Amino acid sequence: MWNSRWKGKRIPLGSEWGKCLLCNRWSFMPICSHCFRELETPPKLHPAGYFYFYRYEEIALLLKYKYHPLGSGPLKLLARATFGNFPKFYKSEKIYSIPIDPVPERGFSHTAIFATALPFPSIFGLYATGQVKYAGRSKEFRLNNPRNFIYTGKRGIKGILVDDLITTGTTFREATTVLEQAGVEVLFGVFLATDQI
Ligand SMILES: [Zn+2]
């Protein structure tokens, strides 16, 4: 089943065990070592002050693996190729990665997978109580329909917010406010992809 493209190549979705999802060549892993090296990329600093790895168009297809029948395997490799390259710094300080709304869907949470790939311990305590879906909605809709986050994790720490995608930044700002009210100093956000470039 060939139905989309990655870096100009046609790629199979719904690949079988034993084949690379991106090039369809024989591989023990869902993404072969050659394609894994192509995916690897260092974090980049966005002018708005957060870190990202890809432009949204570059990674839109791979994000569909959130729902891939092979489960979390491809996402874990993608997380390792990106978030896993984040530099470890401030060794003496207690810094935690905090995924935004790490609720498992179909058995795993993509934000939890990305957060745990960073070289910091993770805290799962930031959840959205609103049932609003933001995909494809305007900035105005997002501002009028806050996610209503609650935070139940450790206080008095420094945190790095993690999500798969940043668009308008509304979610990031709302999450930051809730964390700071709970005594967490938010250093910055790290996102797999941005569509703001
Ligand atoms: Zn491959």
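So, how was this worked out
- Residues numbered from 1 in each chain as written.
- Predicted model: local features only at pLDDT ≥ 70, side-chain atom pairs only at ≥ 80, totals over all residues.
- Core = buried A, V, L, I, M, F, W, Y, C linked by C-beta atoms within 7 Å.
- Buried ≥ 20, exposed ≤ 12 C-beta atoms within 10 Å, placed from the backbone.
- Helix = DSSP H or I, 4+ residues; strand = E, 2+ residues; numbered from the N terminus.
- Domains from an automatic or database assignment.
- Contact = placed C-beta atoms within 7 Å.
- Pairing = 2+ DSSP bridges.
- Axes fitted to C-alpha atoms, helices over the stretch in contact; angles between N-to-C directions.
- Left-handed = near helix turned anticlockwise from the far one by under 90°.
- Nonpolar A, V, L, I, M, F, W, Y, C, P; charged D, E, K, R; others polar.
- Expected span 1.5 Å × (residues − 1).
- Arc of directions from axis to C-beta.

A. Highlighting the nonpolar core. Among the nonpolar cores identified, the biggest contains 41 residues, and F114, L118 and V162 are the most heavily contacted of them. Of all the elements in the fold, those that place two or more residues in this core are β4 (51-55), α2 (56-63), α3 (73-81), α4 (110-117), β7 (149-151), β8 (157-166), α6 (170-181) and β9 (184-194). Each of two domains, domain 1 (1-39) and domain 2 (84-194), supplies a minimum of three residues to this core. The contact partners of L118, leaving out residues within four places of it in the chain, are F83, F86, S97, I160, V162 and V190.

B. Fine view of the sheet that holds β8. Reading across the sheet, the five strands line up as β3-β4-β9-β8-β5 and stay open at both edges, with mixed pairing between neighbours. With one partner strand each, in any of the chains shown, β3 (44-45) and β5 (95-99) form the two edges of the open sheet.

C. Structural context of the packing of α3 against α4. It is at 9 Å that the axes of α3 and α4 come closest, and there the two elements cross at 35°. By crossing handedness, the relation of α3 to α4 is classed as right-handed. For the pair α3 and α4, contact is made by L75, K76, A79 and R80 and by H110, I113, F114 and A117, respectively. Looking at the contact of α3 with α4 residue by residue, the classes come out as five nonpolar, one polar and two charged.

D. Structural context of the environment of P87. As for its placement among the helices and strands, P87 is situated in the loop between α3 and β5. A C-alpha to C-alpha distance of 8.7 Å links P87 and P43, two positions 44 residues apart in sequence.

E. Representation of α6 within the structure. Counted at 1.5 Å a residue, the expected span for α6 with its twelve residues is 16 Å, and the 17 Å between its end C-alpha atoms agrees. T171, F172, A175 and L179 are the residues of α6 that are buried. One side of α6 carries all its buried residues, which in axial view fall inside an arc of 95°. The inward-facing, buried residues of α6 contact β5, β6 (126-128), β7, β8 and β9. Backbone geometry just after α6 places G183 at a positive phi near 80°.

F. Looking closely at the environment of F36. Tracing the sequence through the fold places F36 in helix α1 (residues 33-39). Looking at F36, the number of C-beta atoms within 10 Å reads 18, which means it is partly exposed. For the pair F36 and L78, spaced 42 residues apart in sequence, the C-alpha separation works out to 7.8 Å. F36 has contacts with I31, L77 and A81, leaving out every residue within four places of it along the chain.

G. Seen up close, unusual backbone geometry. With phi around 50°, D101 is a residue other than glycine that occupies positive phi space. Checked against the element boundaries, D101 lands in the loop between β5 and α4. By the C-beta count within 10 Å, which is 18 here, D101 ends up partly exposed. Here N148, not a glycine, exhibits a phi torsion of approximately 55°, which is positive. Relative to the helices and strands, N148 is located in the loop between α5 (139-144) and β7. Judged by the 13 C-beta atoms lying within 10 Å of it, N148 is partly exposed.

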